[in-house]
Protein chains: 2
Amino acid sequence: MIGKLINDRVKAGKQAINELYNTGYYGRPKGDVLELTLIEAAYLLYKNRLEITMDEKALTFQEFFTEASNRQQFFELKYIVYKDLRERGYYVQPSVTDFRVYPRGGHPGKTQAKMFVYVRSERIPMPIKDLLSQYTAAVNVRKQMVLAIVDEESDLTYYEVKKADIKGSMDAILPEDEPVPATMLEDRVLIWDEEASHLLYENGFYGKPLDNERLQLSLVESAYLLEQALIKIKDGTTGNIPDLAEFSETASSIDPDFERKYSTYVDLRSRGFVPKTGFKFGTHFRVYNEVKSLNKLPHSDYLVHAIPQDYEFFLPLMSRAVRLANSVRKQMLYSVEFASGIEYIDIGRIKM
Amino acid sequence: MIGKLINDRVKAGKQAINELYNTGYYGRPKGDVLELTLIEAAYLLYKNRLEITMDEKALTFQEFFTEASNRQQFFELKYIVYKDLRERGYYVQPSVTDFRVYPRGGHPGKTQAKMFVYVRSERIPMPIKDLLSQYTAAVNVRKQMVLAIVDEESDLTYYEVKKADIKGSMDAILPEDEPVPATMLEDRVLIWDEEASHLLYENGFYGKPLDNERLQLSLVESAYLLEQALIKIKDGTTGNIPDLAEFSETASSIDPDFERKYSTYVDLRSRGFVPKTGFKFGTHFRVYNEVKSLNKLPHSDYLVHAIPQDYEFFLPLMSRAVRLANSVRKQMLYSVEFASGIEYIDIGRIKM
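Rules of the game
- Residues numbered from 1 in each chain as written.
- Chains lettered and ligands numbered in written order.
- Predicted model: local features only at pLDDT ≥ 70, side-chain atom pairs only at ≥ 80, totals over all residues.
- Heavy atoms only, no water.
- Domains from an automatic or database assignment.
- Helix = DSSP H or I, 4+ residues; strand = E, 2+ residues; numbered from the N terminus.
- Buried < 20%, exposed > 50% of the residue type's maximum accessible area, 1.4 Å probe, protein only.
- Patch = residues over 30% accessible without salt bridge, like charges linked within 9 Å, V, L, I, M, F, W, Y side chains within 5 Å.
- Areas by Shrake-Rupley, 256 points an atom, 1.4 Å probe, with all protein chains shown as cover.
- Salt bridge = Lys/Arg side-chain N within 4 Å of Asp/Glu carboxyl O.
- Lys, Arg positive; Asp, Glu negative; His and termini not counted.
- Charge placed at Lys NZ, Arg CZ, Asp CG, Glu CD.
- UniProt positions renumbered as here; feature names shortened; annotations may be inferred.
- Pairing = 2+ DSSP bridges.
- Contact = heavy atoms within 4.5 Å.
- Axes fitted to C-alpha atoms, helices over the stretch in contact; angles between N-to-C directions.

**Re the domain arrangement of chain A**
It is common to give the size of an interface as the accessible area lost on bringing the parts into contact.
In step 1: Domain parsing of chain A yields domain 1 (1-72) and domain 2 (171-258).
In step 2: The centre of domain 1 of chain A, based on its C-alpha atoms, is set 67 Å off from the matching centre of domain 2 of chain A.

Below you can see the structure in the form of structure tokens.
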């Protein structure tokens, strides 16, 4: 069987429609012609199911591969992913997001495609808006969105990307009549009263005991409790009593991510979760669905990292975050604040 | 027992030397006076073993703690670490690197201190040169260097920092008479010859097979094999045949970290290791002591990340890297190139 290389397509005759399309769903029939992408053609050449000619001359695999690489950006990357998917037994067709992949047992004409696969190089940072536009393209036609990342040694990792609408089951603490006095010292806030310390720690898992009497609160916890009128903060140096706006300003000067972290913290609390620092995991928060007793602290369920709308994923770091979350049986979520509210993006490794 | 707050010290009388120094090694005796740091004094006040006066007036814990926080930067951070170490049963004295800690069963006057503990806030990036100067201060007096990191919720993580002189046990491949032809396509290099592909893959674990005949090499692998005269690279677009300098220039335009990664790659190979990409772990390399057979690929031993001399550790990321390495039973090493050669810095979590 012979195909001709014409621009960024390889075109083969009617026989190819029978032998390549009807048996393996390679290419797209256009009248009596089967049109193959460069990637499909390279794979068929490798499988010895197609010869490819350019200017009447047959090309070796090396010649065609080099030629295709010059004609299409990221050709090798995409070829590696295509070959892997085909060898796993999937039928694959080109799509707006690189590839449409049919479910096992399904094929074009019989079933709908199941996934949109989007190929990226490890090396090229991925803006969150690219990821979300690919995600939207997939979701609008009810497809699963899969991200295939090719590393520098051509190893592949697949991730499923989806939005997560998460709910916890923790009740809020009702405000007391009088806010509890607290003091801001450098970058944390202390509650000195023993009873209040125990109440906040044991009923909402706020803060960490300095000792049996006193409680230390983080900046986001302090701001949240201030907003809930559960505490009143005094600056330990100036004696000033900041309101939420003033406190946020001070907190932002200590932690430049404060505002972003705080929005996510408030949203997670309002969804019934208990967020605590995720420092040991390298993320902003570890998140508990519910904390009933501090003596039997449950396993936390999510790691959440609050990112800005113009964030770019540096893929080795994303890979590390997801891998670490999975190794400790948690789900890695990225929170992004939009005008409509905070969205949680769930990126999880999958086996294809 | 009464101590007087004077500047950044609390001074107590002769009785304190007997009751506080001789029994618990708090403070430093100076003649008839026991001089305590603010941190030691706060801890003794909390333990009800000392009263503290300022201008003849006794201070509550809250008053003294607030006062001390205004007089000493990072007072709470250091107090948290000091309290934790004391409660673990260690004798602790102030030192150039925050604290000197005595081994279990040891104390001042009987034994040498065992560790220098250096306290950092999670929030403040740590320049590698600060870390190394603290390390040198510890090593020069034969102490272990311990880094105590306090997170935003006042949780503590301890790390031991040391330099690692590592050796692998892999033999180098001897060059053939003629370098093997290879083609550079976009950001990777392909070897088309079946025999050469198998030789390089199976004897040195270079590259990744594209299929049973062809091998894909990463940029650092290609540069190394080019330097060893094992391959000859042709540019798939221009037809140019670059030497190592030209290839490195192209590689650096694709991967800005190329030169730094390459120095570490060459050093690791010269030490008898097999370095491969660490993408899945979010680091530059995963490193094998030896690869005898690719059918039984061993567990890799190290994760190595090549950092510049002016690198600043962003501590949540360092925490994540170390935690992930430990969770997959590897050691996390940072490589830094100095005029004298490449040094490997081993940062590992420890339980105190």
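Picking up where we left off.
**Side note on unusual backbone geometry**
All names here are of chain A.
In step 1: In this model, Glu186 sits at a positive phi of 45 degrees, which is unusual for a non-glycine residue.
In step 2: Inspection of the secondary structure assignment puts Glu186 in the loop between strand S13 (180-185) and strand S14 (188-191).
In step 3: The exposure class of Glu186 is partly exposed, given its relative accessible area of 30%.
In step 4: Within the chain, Phe205 stands out as a residue other than glycine whose phi angle is a positive 55 degrees.
In step 5: You can call Phe205 buried: its relative accessible area is 6%.

**Structural notes on a negative patch on the surface**
Residue and element names in this part refer to chain A.
In step 1: Together, Glu176, Asp177, Glu178, Asp193, Glu194 and Glu195 line one region of the surface with negative charge.
In step 2: Tracing the chain through its elements places Glu176 in the loop between strand S12 (156-164) and S13.
In step 3: The exposure class of Glu176 is partly exposed, given its relative accessible area of 46%.

**Points about the UniProt feature "domain: tRNA intron endonuclease N-terminal" (unreviewed entry) in chain A**
Residues and elements named next belong to chain A.
In step 1: Residues given the UniProt feature "domain: tRNA intron endonuclease N-terminal" (unreviewed entry) here are residues 1-65 and 181-236.
In step 2: Along residues 1-65 one finds 38% helix and 35% strand; the C-alpha atoms at either end are 18 Å apart.
In step 3: Segment residues 181-236 splits into 36% helix and 34% strand. End C-alpha atoms: 12 Å apart.

**Details of the sheet that holds strand S2 (residues 9-12) of chain A**
Residues and elements named next belong to chain A.
In step 1: The strand order S3-S4-S2-S1-S5-S6 describes an open sheet built from 6 strands, whose pairing is mixed. Every interior strand has two partners, whereas the edge strands, strand S3 (28-30) and strand S6 (57-58), have only one.
In step 2: The sheet contact formed by S2 and strand S4 (residues 33-37) spans 4 bridges and is antiparallel. Within the sheet, the bridge partner assigned to Arg9 lies in S4 and is Thr37.
In step 3: Packed on one face of the sheet, helix H3 (residues 61-71) meets strand S1 (2-6), S2, strand S5 (51-54) and S6 and runs near 35 degrees to S1.

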